[in-house]
Each structure stands twice: as structure tokens, then as C-alpha cells.
Amino acid sequence: MKSSSPSRSRHIGNSEAFTAGAAAWLALGFAAAAAAAPVVYRVEPEFTYAEFTVSHIGLSRQRGHFGRTQGTIVLDPEQHSGSIDFVVDATSIDTGWSVRDEFLRGENMFDAAHYPVVRFHSTQLVFDRERLIGVAGELTLRDVTRPVALKVERLECGKEPDGGREGCGAGVATSIKRSDFGMNYAHTLVGDDIDLSFQVTAFRVTP
Amino acid sequence: MTRLLVAATMALALAITAGRAAAQETYTIDPVHSQPIFEARHMGFSQQRGSFAKSTGKITLDRAAKKGTVEVVIDTTSIKTYDSRLDEQMKSENFFNVAKYPTLTFKGNNVVFDGDRVVQVDGDLTMLGVTKPVSLKVANFVCGEHPSNKKPMCGAEATATIMRSEWGMKYALPKSVSDEIKLTIPIEAYRE
């Protein structure tokens, strides 16, 4: 701002224009201040996909989804702060084959009867200028909590068509080893490395 | 001498032909490990996903001649978006119109090899009664045997991007649901 002001006054060169320019700067300042307040978003489960991908018998990559998710996202890009809480219902696992779903819900894998919730809680949000690019946090799965780093691959905001709600969509990814969470069954069939991918849609709650 | 040479050449040619005929392999797709996934953009900032739980198919490969065919039939009624309300929308006549078009087919007649690996399949996708050419890019083509049942099989992942309007699926264009649809198809197939 400091470096651009002199060049601006040189170009404009009269006090009337300078006053207009100053008013514009002030207005921008107010807008920035308004934007600086943390904004709260609520995850819309209907448009949110929590997906995992895993190697199967070394021949293909198989995917599964969790149908039920919940979450709250608080973003303050100016202050480089905020928080993300995201919860997945482990019983809502869906791979398109009920036999496999039952196997995955079973005690050898997710043990969803004992641990019905998979939870992520952020500890730090990472920004590049005002763009959220990463999230450090803790993932709790089967009652084991481990640090994970999420990469934010896509973050776009807009409005629903026809003047609807204001929201954001994000593509977020990370990789974990299931053995780190005590999920050690069937290693000859199902890989240890699990790619997690979240396509999250969240609508603004704060006005 | 000349006659002998001709006979030997013919024998060799026959052997090669026989070898090639024997190299034709037929594979049956394992439906539960071959569920196609589709991805669309929604409202301009949201990404939506869905898949088809049921599909059947046959693949023939002739690695010596570097030829093959692919035929996949997808049950459109098995569509799932992980949300029952969206599922009903997808099944409706605005989108897949599953009552009238219960299947979606892909017929590949040009299998492209890079060495021993399949890297592309060119074919026709029939959806909503409309047939248009589609090229599937094939990655991670690999063959082996199932660790439990020891049956020989191959696996891969095919991808393509299509414009749904080309098949007449034009509802909610352009803002609400994107025209561009990304397809990802994991494949596991048993050798017969």
C-alpha cells in the first residue's frame, strides 16, 4: 500500500482525485475488515463425499464411501486461522457390495460396532496468502489418534444458482497406513496404504 | 531343397498362426471390483460423485497380435450417489431415465498396446439410446493371480471425460450440473 500510494498521486495529480482515491482505499479497508471476521461453514452431507482408495490384490484400486458425514469449518483467511471438525459415521460405509460392507464394518476392520465414529480435528490451518492449502490435524479411527496432514487441492466458493446459499467446495486429500490405526487384517488382499479423498461442500452459516 | 524350405516356412507360419490363435484370451469382469465411478461439477464450486454398483462384461486380448475387444454392460438402476434423494433424481428421466434405458453399454473394438500393456481402448458408448465414440485411457494394466483362489486375472484403471449433452442428457445445464463428466473405472477380470 505504501509503495503504491506515491505512484498513484503522481498519476492523478489533483486533490479532488486524491480524495476520491483515499475514499476508495478506505472503502477497501472496510471491506477487508469485514472479510477478516471468521466465517463459519457447515458441511452439507448430501453434497459431500468421504472416499477411501486402496490397492486390492495388487491388481486394482478399489474405492469406498461413507454416506453419513458431519462437519463445521471456520475460516479466517486474513488471520490465517480457523478450525475444521469433520466426523464420519463408520457404519455408513458403502462400497457397492453388501458382503464387502459387512466385512469392512466387522471387528477385523473398522469394528464399527465399537467405534462408530471416525473423527478429524484440525490443529493448524496452513495458508498461502489468503488461500487455504493445507490442514494439520488429528485423525481418530478405531479409538487410535494419529497426526495427519491434509492437502487442500481445490477450494472454490460461490453461490447456488438462482440466488441461493453461499458456499464453498473443497477437494482435500491425504494418505494413511491402516496399520497405524491397528487395522491389520487381510494384508495379503488389501493394501496398507489408504488414500483418503474428501470432496466437501459447505454452506456459510454466519451472515 | 527348395521344396524343403517351403515346407519348413509353411510349418513355421502355421506354428506362428497357431501360437497367435492360442494367444487370444477371454476375461470376465468381476463386477464387485469393477464399479464405474462418475464425477460432475455442481453449482460451479461443488464436486459430485456417484457410481454404478452392477456391471457385467467380457474382454478379449490377443497380446501377440496386439488386438482385443471390450464389452461392458452397466445396470443404470444400480446408480448410487450416497444420497437417496439424489439417486432418485439421477434415475429420473431428467438424467439416466432408467425406466426406459436400464442399461448403458460400452463396446471397445480397438485395444491399443504399449508393449505388453493395454494403454487405451477406443469404442462406442451407448447411453439414453445414443451411441457416440469414447476413448478410455487405461493405466496400471497388470496381470497376476488372485492370492486366495489362484485364478489368473488382470487389473487396470480406465478413465475418460465425456460431455453428457452429446448423449442428450441436458438437464440442469450448464450451471447446476456440469456438462463435463469424468469417468473412472477400476477393472478386475478373471481369465476364462
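Note that the structure is a prediction, hence the values are computed from the model and not measured.

### Structural notes on the state of the cysteines
All names here are of chain A.
For step 1, the next point in the chain: As enumerated under the stated definition, the model contains two disulfides over all chains in all.
For step 2, the next point in the chain: Each disulfide pairs two cysteine sulfurs, and for C157 the partner residue is C168, the sulfurs being separated by 2.1 Å. On the sign convention where negative means left-handed, the S-S torsion of about 100° between C157 and C168 marks this disulfide as right-handed. Placement of C157 in strand β9 (residues 144-159) and of C168 in strand β10 (residues 166-177) is noted, with a sequence separation of 11 residues between them.
For step 3, the next point in the chain: Take C157: its relative accessible area is 53%, and that puts it in the exposed class.
For step 4, the next point in the chain: Looking at C168, the relative accessible area reads 7%, which means it is buried.

### Considering helix α2 (residues 84-91) of chain B
For step 1, the next point in the chain: Of all the positions in α2(B), only L86(B), D87(B) and M90(B) are classed as buried. Across the axial projection of α2(B), the buried residues extend over an arc of 105°, all falling on one side. For α2(B), exposure combined with an orientation more than 90 degrees from the buried face picks out S84(B) and E88(B).
For step 2, the next point in the chain: Those residues of α2(B) that are buried lie in contact with β2 (49-56) of chain A together with β3 (46-52) and β6 (79-80) of chain B.
For step 3, the next point in the chain: Between a side-chain oxygen at the N-terminus of α2(B) and the backbone nitrogen of R85(B) the separation is 3.2 Å; the capping residue is D83(B).

### Considering the interface of chain A and chain B
For step 1, the next point in the chain: With 35 residues of chain A at the interface, the matching set in chain B holds 38 residues.
For step 2, the next point in the chain: Counting the surface lost from both chain A and chain B, the interface buries some 2900 Å², and carbon and sulfur atoms represent 57% of this.
For step 3, the next point in the chain: Broken down residue by residue, the surface that chain A buries against chain B is led by E46(A), Y49(A) and L59(A), which jointly contribute 23%.
For step 4, the next point in the chain: Our count for the contact surface shared by chain A and chain B stands at five salt bridges.
For step 5, the next point in the chain: At the boundary of chain A and chain B, one finds 17 residue pairs in polar contact (both at pLDDT 80 or more).
For step 6, the next point in the chain: Looking at the side of chain A that touches chain B, the elements that each hand over two or more residues are β2, β3 (60-66), β9, β10 and β11 (190-204) of chain A.
For step 7, the next point in the chain: Per-class residue counts for the side of chain A that touches chain B are 10 nonpolar, 15 polar and 10 charged.

What counts as what
Residues numbered from 1 in each chain as written. Chains lettered and ligands numbered in written order. Predicted model: local features only at pLDDT ≥ 70, side-chain atom pairs only at ≥ 80, totals over all residues. Heavy atoms only, no water. Disulfide = S-S within 2.5 Å. Helix = DSSP H or I, 4+ residues; strand = E, 2+ residues; numbered from the N terminus. Buried < 20%, exposed > 50% of the residue type's maximum accessible area, 1.4 Å probe, protein only. Arc of directions from axis to C-beta. Contact = heavy atoms within 4.5 Å. Polar contact = N/O pair within 3.5 Å; in protein donor to acceptor, adjacent residues only side chain to side chain. Buried area = accessible area lost by both parts, 1.4 Å probe. Salt bridge = Lys/Arg side-chain N within 4 Å of Asp/Glu carboxyl O. Nonpolar A, V, L, I, M, F, W, Y, C, P; charged D, E, K, R; others polar.

In short, shape yes, function no, at least from these values alone.
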